[in-house]
Amino acid sequence: MFPREYRGVAFVVGLFLVVQLGALALVPEFAESGYQAVENPENPTNSLVYIAAIIAMTGVMLAAFRYDLDQGIRLLIVGVSAWLSWYVFSAVLSPLAAAVPAVAVGVALLAYPEWYVIDAAGVLMGAGAAGLFGISFGLLPALLLLAFLAIYDAISVYGTEHMLSLAEGVMDLNIPVVLVIPLSLSYSLLGEEPEGEDDSVTADGDDADGDPDTDTDDAEGADADVSEPTDIEDRDAFFIGLGDAVIPTVLVASAATFSPAETLSVPLIGVNAPALLAMVGSLAGLLVLMSWVIKGRPHAGLPLLNGGAIGGYLIGSVVAGVPLIEAVGLAGFL
């Protein structure tokens, strides 16, 4: 790996950390404000509803790209971005005051969607979506969600390959469905060559549009590369789906909210061993994913990221003395 690829990996790890820590910081504020989206967060059917929404949204987006309705998708995602940003800003500002920076995020995405604007909006969306889902999905629903999306992501990239088509459709829209990882200070997303002539490489996963995607996706994300591998020296940027950051963070936020494990003494955020090791596991999966992405091949991100998060969460639960039957949210059903 060349030095700038190391810098790129460090940058994407930093973005993932900001999303995760941001979600953890927002969880208490969201819970206190009553932003929980469901009446019973322990109901496993909550995951089924969201999964159905992901599949439906994926179909809608593919149809929109086929019939040249790309700008409608762009406006939808920008609107979702502003909406989720409002939730984030409302944690520190009054609801009315929070509308000002939230609208500014939407305007910036429409007027000047440079890579750092997209990444900033993506981080806000990611932290907000993961925090909202984290307080709305109990342990069992969160685990089911991550397990299904890992399988779905693998099938959609390696099997049906419709995620590659979705990625191809969103890459030119300059919206925070993907995080942009520049490999040089001079890189400009707006100054990129037309599609098919650049050497960017992307990794795959679901985004979150925070609807409360990935998939912001829609809830699902486009991040699989559709080009052949290129020489490392020629690459200008990596792209990784926002959902790759959001979906595993849902489990992190859920663990911090619903796990009976004792809260650790960490400044500014509420975190316990299961949530902390879920973070560690997801970041370990991210490092493996990035090592593959650097080789220039499209890969499904969620099997590694969600698998790492689930494994880390279960290990953290054992370390914290939480019985596995309780850790997976089955205690109330037995």
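So, a few notes on the structure that sits alongside this text. (Residues numbered from 1 in each chain as written. Predicted model: local features only at pLDDT ≥ 70, side-chain atom pairs only at ≥ 80, totals over all residues. Heavy atoms only, no water.)

This part is about the overall build of the chain. Tallying secondary structure elements over the chain gives 11 helices and three strands in all. The order of helices and strands in the chain, counted from the N terminus, is α-α-α-α-α-α-α-β-β-β-α-α-α-α. Surface summary for the chain: the accessible area is close to 13300 Å², and the carbon and sulfur share equals 67%. (Helix = DSSP H or I, 4+ residues; strand = E, 2+ residues; numbered from the N terminus. Areas by Shrake-Rupley, 256 points an atom, 1.4 Å probe, with all protein chains shown as cover.)

This part is about the packing of helix α6 (residues 139–159) against helix α10 (residues 302–319). Two elements in contact, α6 and α10, have axes separated by 8 Å at closest approach and are oriented at 155°. Looking at the two axes, α6 sits roughly antiparallel to α10. α6 and α10 meet at a crossing whose hand is left-handed. Here Leu139, Leu143, Leu146, Ala147, Leu149, Ala150, Asp153 and Ala154 of α6 come into contact with α10, specifically with Leu302, Pro303, Asn306, Ala309, Ile310 and Tyr313. Of the residues belonging to the contact of α6 with α10, the class tally is 12 nonpolar, one polar and one charged. (Axes fitted to C-alpha atoms, helices over the stretch in contact; angles between N-to-C directions. Parallel < 35°, antiparallel > 145°, perpendicular 65-115°, else oblique. Left-handed = near helix turned anticlockwise from the far one by under 90°. Contact = heavy atoms within 4.5 Å. Nonpolar A, V, L, I, M, F, W, Y, C, P; charged D, E, K, R; others polar.)

Take the environment of Leu76 next. Inspection of the secondary structure puts Leu76 in helix α3 (residues 70–89). Each C-alpha atom, one on Leu76 and one on Ile175, is 10.0 Å from the other, the two residues being 99 residues apart in sequence.

On to the packing of aromatic side chains. Following the criterion strictly, the structure yields 13 aromatic pairs and no others. Aromatic pair Trp86 and Tyr87: ring centres 5.2 Å apart, planes at 75°, arrangement edge-to-face. Judged by its relative accessible area of 22%, Trp86 falls in the partly exposed class. A centroid spacing of 6.0 Å and a plane angle of 10° characterise the contact between Phe148 and Tyr152, whose relative ring orientation is stacked. Taken together, the residues Phe148 and Tyr152, both in helix α6 and four residues apart, mark about one turn of the helix. (Phe/Tyr/Trp six-rings, centres within 6.5 Å; stacked < 30°, edge-to-face > 60°. Buried < 20%, exposed > 50% of the residue type's maximum accessible area, 1.4 Å probe, protein only.)

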